[in-house]
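# Secondary and tertiary structure notes
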Amino acid sequence: MSEKASKSKETLFELDGIPALGQALPLSLQHVVAMIVGCVTPAIIISGVSGLSSSDSVILIQSALVVAALSTFLQLFPIGKKGGIRLGAGLPVIMGVSFAYLPSMQAIAGDFGLPVIFGAQLFGGVVAILVGIFIKRIRRFFPPLIAGTVVFTVGLSLYPTAINYMAGGTSNPAYGSWQNWLVALFTLAVVIALNHFGRGIVKLASILIGIIAGYLFSLCFGMVDLSAVGTAGVFQLPSIVHFGVEFEISSCVAIGILFAVNSIQAIGDLSATTSGGMDRQPTDDELQGGIIGYGVTNIFGALLGGLPTATFSQNVGIVTTTRVVNRFVLGGAAAIILAAGLVPKFSALLTTIPQCVLGGATVSVFASIAMTGMKLVMTADMNYRNSSIVGLAAALGMGVSQASASLSAFPAWVTTIFGRSPVVIATIVAIVLNVILPDPAKKQ
């Protein structure tokens, strides 16, 4: 190996430096493959709940990709000097539209419409900025037990969405047909097989490959309509406030709570990145900059029509596994995501994916989210106190959301905040119980 090639290889394992394109590009594509399905799926689901036209659905997906790319660039290459308040962590992370907000966004989209989601996202961005500023003081209220309970509840709450999609989507006249279930189960089988028997990039791209396989299989049943691709443009910039922005207090509160939780959750991803890829813990400046940057990009993201973003744990997993922490490698991934977001035909193609295919691919994702939360929970000693916190938080959150009519005697805003998504109640209950219940570990 030449000295130049050796130096380029070393650069891959360093935060700074520009590696050779031949080495960086495959690693950048690896990150794109791991995140792109997860990034666009919430936009596809919300466009369906909101009843958007095919052209507006394309714009929503485009915006999701563009905002994810811009958010990633800011985290990789922060604005501001070290030692002061800056925007971005300066660490190798990938940002994308988060499933954590999906249950609440579905409820808001169904009750109030898409503009209210973006209004609540603006408010949530401000909440994240405040969390970032005061992170040192409030971090103790969100130990892994609490974050894990929230993530676990998010995963559980998404299961009905996956099942409805596997059946073809509730708005589909053929909802529940054997054709939909056959395609969904075929897609799921491909994903499971690749997850457990695949190696390398094949395993990493299991969901993407599963969707492609399911998509091709669905063609046999005439489920794909490509007319939207033909009418879509080749290049288009995002429009400012295309969907509008409206503020509704209860929706702002519900989304604001999730932003606070996700801000703390970002600490876990940033810490996993530095400990797994750089053999150190993130500095206070990196944590603060990462969370403040997360808030700022979500404010601008709302104006550009991009749904709420967060750090993507699957990409953190790639960094910790490969130990490739070079910011330009991940910047290359962000550039590819940005280019994809500027091409309406690509976004239009994504809207043609049948819902049964999407359901078959994402049910495993939602299961993984729930299990990720459970793993976080299990990092704490599961004594009677901690078991009670997790059990009661999940029970009250899931129970009330599935029986939201039980809140009908209260004002409508109570149902919006507490009855539409289990995540809000689960978060509040977990935090309160963690504060007031005596911890036997601290008595010793």
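The present account deals with the structure reproduced in this document.

## Concerning the pattern of salt bridges
In total, this model carries 1 salt bridge according to the counting rule given. Among the salt bridges present, the one from arginine 327 reaches aspartate 16, with a minimum N-O distance of 2.3 Å. Residue arginine 327 is located in helix H15 (residues 327–341), and its partner aspartate 16 is located in the loop between helix H1 (3–12) and helix H2 (21–50); the two are separated by 311 residues in the primary sequence. Classification of aspartate 16 as partly exposed rests on a relative accessible area of 43%.

## Some remarks on the layout of surface pockets
If you add up the space inside the second largest pocket, you get close to 1100 Å³. The residue inventory of the lining of the second largest pocket, partitioned by class, reads 16 nonpolar, 22 polar and 2 charged.

## Things to note about the packing of aromatic side chains
Counting across every chain of the model gives 7 aromatic pairs. Ring geometry for tryptophan 178 versus phenylalanine 221: centroids 6.0 Å apart, planes at 85°, classification edge-to-face. Of this pair, tryptophan 178 sits in helix H8 (residues 178–197) while phenylalanine 221 sits in the loop between helix H10 (206–218) and helix H11 (227–231), and the two are 43 residues apart along the sequence. Of the residues examined, tryptophan 178 reaches a relative accessible area of 57% and is grouped as exposed. For phenylalanine 221, a relative accessible area of 29% translates into the label partly exposed. With a centroid separation of 5.5 Å and an interplanar angle of 85°, the aromatic rings of phenylalanine 217 and phenylalanine 221 are classed as edge-to-face.

## Brief notes about the environment of proline 160
Following the sequence through the fold, proline 160 ends up in helix H7 (residues 144–166). Here proline 160 falls in the partly exposed class, since its relative accessible area comes to 45%. Remark: the alpha-carbon pair of proline 160 and phenylalanine 410, spanning 250 residues in sequence, is separated by 26 Å.

## Focus: the packing of H7 against helix H18 (residues 384–402)
Running from N to C, H7 and H18 cross one another at 35°; their axes reach a closest spacing of 10 Å. At the point where H7 passes H18, the crossing takes the right-handed sense. The residues of H18 that touch H7, namely those facing Leu145, Ile146, Thr149, Phe152, Thr153, Leu156 and Ser157, are Asn386, Ile389, Val390, Ala393, Ala394 and Met398. For the contact of H7 with H18, the residue count by class is 9 nonpolar, 4 polar and no charged.

Rules of the game
- Residues numbered from 1 in each chain as written.
- Predicted model: local features only at pLDDT ≥ 70, side-chain atom pairs only at ≥ 80, totals over all residues.
- Heavy atoms only, no water.
- Salt bridge = Lys/Arg side-chain N within 4 Å of Asp/Glu carboxyl O.
- Helix = DSSP H or I, 4+ residues; strand = E, 2+ residues; numbered from the N terminus.
- Buried < 20%, exposed > 50% of the residue type's maximum accessible area, 1.4 Å probe, protein only.
- 1 Å grid on protein atoms, 1.4 Å probe; cavity = no way out; pocket = protein on both sides within 12 Å on 5 of 7 lines; lining within 4 Å.
- Points joined across faces, edges and corners; volume = space filled by probe spheres on them.
- Nonpolar A, V, L, I, M, F, W, Y, C, P; charged D, E, K, R; others polar.
- Phe/Tyr/Trp six-rings, centres within 6.5 Å; stacked < 30°, edge-to-face > 60°.
- Axes fitted to C-alpha atoms, helices over the stretch in contact; angles between N-to-C directions.
- Left-handed = near helix turned anticlockwise from the far one by under 90°.
- Contact = heavy atoms within 4.5 Å.

As far as function goes, none of this settles anything; it's purely spatial.
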